[in-house]
Amino acid sequence: MNRLKEKLSRIDHKGYKAYKDIEGRYGFPGFELYIDHVQGDPFAAPSKIRIHVSLERSGFPSYLFSNKSRQIASQDFITRTFSKAIKDIAKGNRGTGKSGQISIDRPGQEILERTSCLLNKDILEVRFFMGLPAHGRSILAYQATEMFFKEIPEIVSCSLYYKNIDKLAIKNHVEIAEDQDYIREQLRKKGLVAFIADGSILPRRSGIDDRPMSDDIAIKFISPANLYIEMDTINHGKIAGAGIKEGVTLIAGGGFHGKSTFLRAIERGVYNHILGDGRDLVVTREDAVKIRAEDGRYVENVDISPFINNLPGHRTTTNFSTENASGSTSQAANIMEALEVGSRLLLIDEDTSATNFMIRDERMQALVPKAKEPITPFVDKVKELYNDLGCSTVLIMGGSGDYFDVADTTLVMDNYLLCDVTNKAKGIVDKFKSYRVHEGEKHFGPIPNRIPLPSSFDPSRGKREVKIGAKGLKKIVFGTTDIDISFVEQIVDNSQTRAIGEIIYYYAITYAKKGISLSQGLKEIMDIIAQKGLDYIFPFKPADCATPRIFEIAATINRMRSLKVE
């Protein structure tokens, strides 16, 4: 600690690069401070700092880390507490550029496994950022000393010592996460794809505010009697709610009655949520993937023949490629790519689907015969998806009653209240006969594995050997390739986007030359991350990454315009 003081005093008012001298490890009362990387100037990305506190000294009881679920939730809570302490204690900007800033990778509504806080053996480690202060490019050592010797110790004391944190809050945080994981484990055993607890609040405050709508406005979820089920939890006994069954589930209803809000909650239910989010007991199977049309996307050698065949010009669809996919071809490719890496639960909203991909009614069949129509609509493949592959579908369809014929469960959203109308829908099918002709084959078709070629992955940009970075939530720069993931809807945090870029690089240098399939390579990487953490695949110690799912990693690779596969 004294050595750091001496160094700061010595470099006062010197050029900014003199800050490089303070990199290293320093002992403070009760913790160790690591200055891993010093920024090049006040406007550059902030310096990378780590804090180590022995778990024994921190005082956190072992029950908070007794299993993987609890450990992730505890680390998430500590990150949130550290972030709040920064807000309460740090003075913020003082000087040029990012001078005086202290920040950590602050979580949102989801509880994700992050690199901002780790429990390594007997050490509690927190990683964060500091903007080392300067006037212009002249070092302000007094302000830096204040940050290192006053603000950081106070932040550590408030957030990394159990005696000083809200003990009931961390207990509740850990228990709600553990219960969500426990419910998720039960879904398959009970033949369910999702569970929505009674009393859940599904609407959000706005399109840019993911917090729950306030209680005085929101209509709380109530399970229909036919879907009612009680799920066991570890910490809160039995929880009552609605169980969405495997098979084909159709959600109908008038416009603005909550259909998309309901599906969105199920879509986000693949992640755990914080207590009070309103979706903290909305739990979906981990293999659910949101599917949509995506005009203009790049597609490389995807077998879309289960849906599309006999294109004009005799173009093959068993290894379909295009620089500019249509709505129907992109939606077919999105489904096949999700199935390729293991999804067996598709979530589809008619509002973001290609109409000609979803349905072809009897009048259109009469006008354009099947021999002239390359597309086999989804309505004629959805049952085969389930019968052959065990792949369920939850589908919003308010514009075509032809889906009544294939739906196992039909639900209606009426003023944000869910109603089970399966029997009524079946009665309508019996009363109003459909004369459209089923256009699908008896079986769904194959799901081929694809092998990416090593030449697909070049992270270099000019003289720079490696250039990988995230530009917000929806864009990754990989060398000279900009990857647009705007329509990969289940990426929920910028930290996941940053991790995906680095995971792709790890895949490129570790698996691309092995000649194994994309699915196999990514599954092996996910196993490594599950066992050893994100740190294992990074060439550095990241402070602002969160674990993504295999489906979003694969979706990003599939949107690389440099991708070539066999």
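Preceding block: the structure.
These notes cover the structure that comes with them. These figures come from a predicted structure and were not determined experimentally. (Residues numbered from 1 in each chain as written. Predicted model: local features only at pLDDT ≥ 70, side-chain atom pairs only at ≥ 80, totals over all residues. Heavy atoms only, no water.)

### Some remarks on the overall build of the protein
What counts, and what does not: We count a stretch as a helix when DSSP gives it H or I for four or more residues in a row; a strand needs E for two or more, and each element gets its number in order from the N terminus. C-alpha atoms define the radius of gyration, and 2.2 Å times the number of residues to the power 0.38 defines the globule rule. Each residue is placed in one exposure class: buried if its accessible area under a 1.4 Å probe, protein chains only, is under 20% of its type's maximum, exposed if it is over 50%, and partly exposed if it falls in between. Contact between two residues is taken to exist if any of their heavy atoms lie within 4.5 Å; hydrogens are not considered. Surface exposure here means Shrake-Rupley accessible area, sampled with a 1.4 Å probe, where a residue is shielded only by the protein chains that are shown. Neither His nor the chain ends is counted toward charge; the positive residues are Lys and Arg and the negative residues Asp and Glu. The atoms used to mark charge sites are NZ of Lys, CZ of Arg, CG of Asp and CD of Glu.
When helices and strands are counted, the protein shows 14 helices and 27 strands. Its C-alpha atoms give the protein a radius of gyration of 26 Å, near enough to 24 Å, the size a compact globule of 566 residues would have. By its C-alpha atoms, the protein is 85 × 55 × 35 Å across when sized along the principal axes. With 566 residues in all, the protein has 56% of them scored as buried. Of all intrachain contacts in the protein linking residues separated by at least 6 positions in sequence, the fraction that spans at least 24 positions is 71%. Element-wise, carbon and sulfur atoms account for 51% of the exposed surface of the protein, whose accessible area totals about 24,100 Å². Both charge centroids of the protein, one from 78 positive and one from 74 negative side chains, sit 4 Å from each other.

### Looking at the pattern of salt bridges
Using the following cut-off: For this analysis, a salt bridge means a side-chain nitrogen from Lys or Arg found within 4 Å of a carboxyl oxygen belonging to Asp or Glu.
Evaluated as defined, the whole model comprises 45 salt bridges. Measuring nitrogen to oxygen at the nearest pair gives 3.1 Å for the salt bridge that ties Arg184 to Asp181. Separated by three residues within a single helix, Arg184 and Asp181 lie in helix α5 (residues 167–187), roughly one turn from each other. Taking the shortest distance from any N to any O, the salt bridge between Arg188 and Asp287 comes out at 2.9 Å. Taken together, the residues span a long stretch of sequence, with Arg188 in the loop between α5 and β10 (192–197) and Asp287 in the loop between β17 (282–284) and β18 (288–291) at a distance of 99 residues. When salt bridges with common partners are traced through the structure, they connect Glu110, Arg204, Asp210, Arg268, Asp277 and Arg279 into a single cluster.

### Re the layout of surface pockets
Formally: We place a 1 Å grid over just the protein atoms. Points where a 1.4 Å probe fits but has no way out form a cavity, open points with protein on both sides within 12 Å along at least 5 of 7 lines form a pocket, and any residue with an atom within 4 Å of a point lines it. Grid points are joined across faces, edges and corners, and a volume is the space filled by probe spheres set on the points. When residues are grouped by polarity, Ala, Val, Leu, Ile, Met, Phe, Trp, Tyr, Cys and Pro land in nonpolar, Asp, Glu, Lys and Arg in charged, and all others, Gly among them, in polar.
By volume, the largest pocket amounts to about 960 Å³. Lining of the largest pocket is provided by 28 residues; of these, Ile72, Glu113, Asp181, Val270 and Glu286 occupy positions nearest its centre. Elements supplying a minimum of two residues to the lining of the largest pocket: α3 (68–89), α5, α13 (518–532) and α14 (550–558). It is α5 that provides the largest number of residues to the lining of the largest pocket, a total of five residues. Grouping the constituent residues of the lining of the largest pocket by class yields 14 nonpolar, four polar and ten charged.

### Examining the environment of Lys68
Tracing the backbone through its elements, the reader meets Lys68 in helix α3. A residue is classified by how much of its surface remains accessible, and Lys68, at 40% relative accessible area, is partly exposed. For the pair Lys68 and Arg268, spaced 200 residues apart in sequence, the C-alpha to C-alpha distance is 20 Å. When sequence neighbours within four positions are dropped, the list of residues in contact with Lys68 reads Glu113 and Ala530.

### Quick word on unusual backbone geometry
The backbone phi angle of His13 is positive, close to 70°, even though this residue is not glycine. Structurally, the position occupied by His13 is in the loop between α1 (2–11) and β1 (24–28). Residues other than glycine seldom take positive phi values, yet Asn301 does so here, at roughly 50°.

### Observations concerning the packing of α3 against helix α4 (residues 141–159)
The cut-off we apply is this: Throughout, an axis means a line fitted to C-alpha atoms (over the contacting stretch in the case of helices), and angles, computed between N-to-C directions, take values from 0 to 180 degrees. Note that the term roughly parallel is reserved for angles under 35 degrees, roughly antiparallel for angles over 145, roughly perpendicular for angles of 65 to 115, and oblique for everything else. Rotating anticlockwise by less than a right angle from the far helix to the near helix defines a left-handed crossing, while the corresponding clockwise rotation defines a right-handed one.
Two elements in contact, α3 and α4, have axes separated by 9 Å at closest approach and are oriented at 140°. Here α3 is positioned oblique relative to α4, judged by the angle of their axes. Of the two possible hands of crossing, α3 and α4 adopt the one that is right-handed. When α3 is examined against α4, the residues Ile78, Thr81, Phe82, Ala85, Ile86 and Ile89 are found in contact with a partner set consisting of Glu151, Glu154, Ile155, Cys158 and Ser159. For the contact of α3 with α4, the residue count by class is seven nonpolar, two polar and two charged.

### Some words on the sheet that holds strand β24 (residues 417–420)
For clarity, the threshold we go by: When DSSP finds two or more bridges between a pair of strands, those strands are recorded as paired.
In spatial order, the strands read β18-β21-β22-β15-β23-β24; together these six strands make up an open sheet with mixed pairing. The open sheet has two edge strands with one neighbour each: β18 and β24. The average angle at which neighbouring strand axes cross in this sheet is 20°, direction not considered. One ladder, built from four bridges, connects strand β15 (residues 248–252) with strand β23 (residues 409–414); its direction is parallel. Counted as the bridge partner of Leu250 is Thr410 from β23.

### So, helix α6 (residues 259–268)
Burial within α6 is extensive, with seven of its ten residues counted as buried. For α6, the set of buried residues is Lys259, Phe262, Leu263, Ala265, Ile266, Glu267 and Arg268.

### Here's the deal with the packing of α1 against α4
Here α1 crosses α4 at 160°, and the two axes come no closer than 9 Å. With respect to their mutual orientation, α1 and α4 come out roughly antiparallel. Once α1 is placed against α4, the crossing between them reads as right-handed. Where α1 approaches α4, its residues Leu4, Lys5 and Leu8 are matched on the opposing element by Ala141, Ala144, Thr145, Phe148 and Phe149. A breakdown of the residues in the contact of α1 with α4 according to their chemical character gives six nonpolar, one polar and one charged.

### With respect to the sheet that holds strand β25 (residues 468–470)
If you trace the three strands from one edge of the open sheet to the other, you get β25-β26-β27, paired in antiparallel fashion. The open sheet is flanked by β25 and β27 (481–484), the only strands paired with a single partner. Neighbouring strand axes in the sheet, compared pairwise and without regard to direction, differ in orientation by 15° on average. Alignment of strand β26 (residues 475–478) against β27, held across four bridges, turns out to be antiparallel. Along β27, the bridge assignment pairs Lys475 with Asp484.

### Overview of the environment of His438
So the rule is basically this: Distance and chemistry together define a polar contact, namely a pair of N or O atoms within 3.5 Å, with one atom able to donate a hydrogen and the other to accept it when in protein, and with adjacent residues in sequence counting only for side-chain atoms on both sides.
One can find His438 in the loop between α11 (422–431) and β25. In this structure His438 comes out as partly exposed when scored by relative accessible area, which is 44%. As for His438 and Gly40, which are separated by 398 residues in sequence, their C-alpha atoms are 65 Å apart. Not counting residues up to four positions away in its chain, the partners in contact with His438 are Asp380 and Glu384. Only 3.2 Å separates the side chain of His438 from the side chain of Asp380, close enough to count as a polar contact.

Limitation: the analysis is restricted to geometry and does not speak to function.
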